[in-house]
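Structure at a glance
Here's the letter readout for the chains.
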Amino acid sequence: MAAQCRIQPGALVSAVTQPTPTFAVGLGDIQQAHERIRDHIVRTPLLESATLNDLFGARILVKAECLQHAGAFKYRGACNRLLQLDEAQRRAGVVAFSSGNHALATSAVARKLGIPASIIMPADAPRAKIEGARANGAEVILYDRQKDDREAIGAEIAGRTGAVIVPPYDDPHIMAGQGTVGLEIVEQADAAGARIDAVIAACSGGGLVAGVALAVKSLQPDVAVYAGEPAGFDELARSLASGQPESNAPGAQSICDALQVVRPGKLTFPVNQHLLAGSLVVSDDDTRRAMKAAYQHLRLVVEPGGAVPLAALLAGRIEARGKTVVLVLSGGNVDPAVYSDALNS
């Protein structure tokens, strides 16, 4: 295991400059994905709050992916992947492993397309996400996050049934689907007369921020794209610092249930290492304040992982004054008790 390099909340870790690599996904793949899925997804709004603008002396634009089908950006990637299955693959079904939003998205798309789905989820995932996947008709298999190997469970099911594995982030089709968020940001900001200076998107395995960075920086190279991560699950921040993939320490905890991978993705890390301006690390208290602020200023229900970009802004992890900053609020699937705690904090 790579040596641990702890990043404290508040740290900004910049990517180490590397020679330009060949990525698994390009702008053309993202554009094709958008054409493929555009009639199946919500073109989520780019919202603006005068209060936030005044607070930061900036123009703050919010890409509300919490309003996407199945409550998160993950629907885009799952949709792009499943729409490309052939008839034999559709009959065999799909298997996915996820802490929640990819589970909800894959099961929702599978239900829409009439495809059988098996979803492997940690037993401590939010009940709303587990029940949501079951409500979509999927078979849900629960596992122990600390002891079991979800990928091994998925491989066994796929080998036994012939089902197609739909990974949560380390897949070119998934990355291209998530990248459509970036395409829409550029188009919507242009329509609003905004010149983007920076974009912040949450990072777990890295599919969303990698896709957004590929799309945005292909079209507007001067835009700085940042990841946002919770303390304890800041593997990308530490990987950018060391120049190689780092792992999170066993037993780490955070309210950001959607952002709890162990190690950066094999396909996503090269993109993020080359394209990102850095990673912004926030505490759980920062995240709770952001969830509350999203409700107060935007009337949006945002789950902890989805609120991390706003948390980074509110906590001063990035200097926004005089700039236009886009925040991707990536999901809204939050348990009532967690949400109530944030609103009352």
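Residues numbered from 1 in each chain as written. Predicted model: local features only at pLDDT ≥ 70, side-chain atom pairs only at ≥ 80, totals over all residues. Heavy atoms only, no water.

As annotated in an unreviewed UniProt entry, the chain carries the name Pyridoxal-5'-phosphate-dependent protein and comes from Bordetella genomosp. 5. Reading the Cofactor (unreviewed entry) entry of the UniProt record for the chain gives the comment "pyridoxal 5'-phosphate". (UniProt positions renumbered as here; feature names shortened; annotations may be inferred.)

Our next topic: the state of the cysteines. According to the stated counting rule, one finds zero disulfides in the structure shown. Counting only cysteine sulfurs, Cys256 is the nearest neighbor of Cys66, a cysteine outside any disulfide, at a range of 15 Å. The exposure class of Cys256 is buried, given its relative accessible area of 0%. (Disulfide = S-S within 2.5 Å. Buried < 20%, exposed > 50% of the residue type's maximum accessible area, 1.4 Å probe, protein only.)

For the pair helix α8 (residues 172–191) and helix α9 (residues 207–219), interaxial distance at closest approach is 7 Å and the crossing angle is 45°. Viewed along their axes, α8 and α9 adopt a mutual orientation that is oblique. The way α8 lies across α9 gives a crossing that is right-handed. Touching Met175, Gln178, Gly179, Val181, Gly182, Leu183 and Val186 of α8 are Gly207, Leu208, Ala210, Gly211, Val212, Ala215, Val216 and Leu219, all from α9. Tallied by class, residues from the contact of α8 with α9 come to 10 nonpolar, five polar and no charged. (Axes fitted to C-alpha atoms, helices over the stretch in contact; angles between N-to-C directions. Helix = DSSP H or I, 4+ residues; strand = E, 2+ residues; numbered from the N terminus. Parallel < 35°, antiparallel > 145°, perpendicular 65-115°, else oblique. Left-handed = near helix turned anticlockwise from the far one by under 90°. Contact = heavy atoms within 4.5 Å. Nonpolar A, V, L, I, M, F, W, Y, C, P; charged D, E, K, R; others polar.)

What follows concerns the environment of Ala72. Here Ala72 is to be found in the loop between β3 (59–64) and α3 (74–82). You can call Ala72 buried: its relative accessible area is 1%. Residues Ala72 and Ser330, spaced 258 residues apart in sequence, show a C-alpha to C-alpha distance of 5.6 Å. Those residues in contact with Ala72 that lie beyond four places of it in its chain are Glu65, Asn101, Ser330, Gly331 and Asn333.

On to the UniProt feature "domain: Tryptophan synthase beta chain-like PALP" (unreviewed entry) in the chain. The sites that UniProt annotates as "domain: Tryptophan synthase beta chain-like PALP" (unreviewed entry) are residues 37–331. In this annotation, residues 37–331 is assigned 45% helix and 17% strand; the end-to-end C-alpha distance for the span is 19 Å.

Turning our eyes to something else, we now look at unusual backbone geometry. One non-glycine residue with positive phi stands out, namely Ala70, at about 65°. Positionally, Ala70 belongs in the loop between β3 and α3. Judged by relative accessible area, Ala70 falls into the partly exposed class, the value being 29%. Located in the positive-phi region is Arg299, a residue other than glycine, with phi close to 55°. Among the structural elements, Arg299 can be located in the loop between α12 (284–298) and α13 (304–314). Overall, Arg299 belongs to the exposed group, its relative accessible area being 56%.

Bringing the domain arrangement of the chain into the picture now. Domain annotation of the chain identifies domain 1 (27–72 + 171–344) and domain 2 (74–165). Using C-alpha coordinates to define each centre, domain 1 is positioned 23 Å away from domain 2. Listed as interface residues are 29 residues of domain 1 and, on the opposing side, 23 residues of domain 2. Both sides of the domain 1 and domain 2 interface together cover about 2200 Å² of buried area, and 52% of this is carbon and sulfur. In terms of surface lost to domain 2, no three residues of domain 1 exceed His40, His173 and Asp257, which account for 24% of the buried area on that side. Seen at the junction of domain 1 and domain 2, the total is five salt bridges. Notably, a salt bridge pairs Glu184 with Arg76, separated by 2.9 Å at the nearest N-O pair. (Domains from an automatic or database assignment. Buried area = accessible area lost by both parts, 1.4 Å probe. Salt bridge = Lys/Arg side-chain N within 4 Å of Asp/Glu carboxyl O.)

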